[in-house]
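Structural features, examined
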Amino acid sequence: KATVSVLYWTIMTKVIFIGDTGVGKSSLVHAAGTGLITEEKMQPTIGLEFYNKTIIRDCGSEEKVMIWDMGGYQFYGLVPPLVRGDIILLLVYDVTNPASYDRLGAWLSCCDTLPRNARILATKTDLPHDPQPPSFRGIPIVQVNRSTDILPLISSMLPPPRSANVCY
């Protein structure tokens, strides 16, 4: 009697949060990586922090995501080598700090090629702020705050499962 084994390969997708210091990247990354929402103000990230997270797809395959939090201003130069390949780019600005919106163009110019899966996150939307545009240079803007669960957004941006994920 023949048996069939099904193996699921795990695919790793990089999710990179970039933007100015103090816009809320670390709060979102920490919540996505640990599942814990902190009400405390987080210290600015020095260097890079990342979390590994596994998302189970509807088809049953696992998608591993590596969620990167890049420190603010001092890391413009690190962006080009990291923003390559099949990644998800989340560019973050603070709705209460118009200068962080004004610098979105500078952050985008750091990318040699803009990834297919890019979104702009407008953070701190639970605080008083002016109305926000729906997009920036054609990239959709998603409004979030400290208590937003960012994993469904990340999951919706993952590349479709490849047939090579299942082996017989």
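Structural notes, computed from the coordinates. It should be emphasised that the depicted structure is a prediction, and the values quoted were computed from it without experimental measurement.

A word on the overall build of the protein chain
Per the secondary structure count, the protein chain includes 5 helices and 9 strands. Going from the N terminus to the C terminus, the protein chain shows its helices and strands as β-β-α-β-β-α-β-α-α-β-β-β-α-β. Within the protein chain, the proportion of its 168 residues that are buried is 46%. The contacts of the protein chain with a sequence gap of at least 6 include a subset with a gap of at least 24, amounting to 70%.

A look at the packing of aromatic side chains
Evaluation of the coordinates by the stated rule reveals 3 aromatic pairs. Considering the side-chain rings of Y101 and F136, the 5.4 Å spacing of their centres and the 85° angle between planes classify their relative orientation as edge-to-face. In this pair, Y101 sits in helix α3 (residues 98-102) while F136 sits in strand β7 (residues 135-136), placing the two residues 35 residues apart along the sequence. Take Y101: its relative accessible area is 23%, and that puts it in the partly exposed class.

Concerning the environment of L48
Residue position: L48 is located in strand β3 (residues 48-56). Separated by 23 residues in sequence, L48 and G71 have C-alpha atoms that sit 6.1 Å apart.

Examining unusual backbone geometry
A positive phi is found at K124, a non-glycine position, where the angle reads about 65°. Locating K124 in the fold gives a position in the loop between β6 (117-123) and β7. The partly exposed category is assigned to K124, whose relative accessible area is 25%. Backbone geometry at R137 places phi at a positive 50°, although glycine is not the residue there. Within the secondary structure layout, R137 lies in the loop between β7 and β8 (139-143).

Focus: the pattern of salt bridges
This structure, assessed with the given rule, holds 2 salt bridges. R103 is the salt-bridge partner of D20, the closest N and O atoms lying 2.4 Å from each other. In this pair, D20 sits in the loop between β2 (11-19) and α1 (25-34) while R103 sits in the loop between α3 and α4 (104-109), placing the two residues 83 residues apart along the sequence. By relative accessible area, D20 is classed as buried at 1%. Where K124 meets D94, a salt bridge forms, and the shortest distance between an N and an O atom there is 3.1 Å.

Considerations on the pairing of β3
Pairing analysis gives 9 bridges linking β3 to strand β4 (residues 62-70), with the strands arranged antiparallel. The residue of β4 that forms the bridge with I55 is E63. Between β3 and β4, which pair antiparallel one after the other, the connecting turn spans 5 residues, and G60 there sits at a positive phi close to 100°.

Some thoughts on the pairing of β6
The buried fraction of β6 amounts to 6 of the 7 residues, a majority that puts the element mostly inside the structure. Sheet analysis places strand β5 (residues 87-94) next to β6, joined by 7 bridges and oriented parallel. In the strand pairing of β6, L91 is matched with I120. Pairing analysis gives 3 bridges linking β6 to β8, with the strands arranged parallel. In the sheet register, A122 faces β8, and the bridge partner there is Q143.

Cut-off values and rules
Residues numbered from 1 in each chain as written. Predicted model: local features only at pLDDT ≥ 70, side-chain atom pairs only at ≥ 80, totals over all residues. Heavy atoms only, no water. Helix = DSSP H or I, 4+ residues; strand = E, 2+ residues; numbered from the N terminus. Buried < 20%, exposed > 50% of the residue type's maximum accessible area, 1.4 Å probe, protein only. Contact = heavy atoms within 4.5 Å. Phe/Tyr/Trp six-rings, centres within 6.5 Å; stacked < 30°, edge-to-face > 60°. Salt bridge = Lys/Arg side-chain N within 4 Å of Asp/Glu carboxyl O. Pairing = 2+ DSSP bridges.

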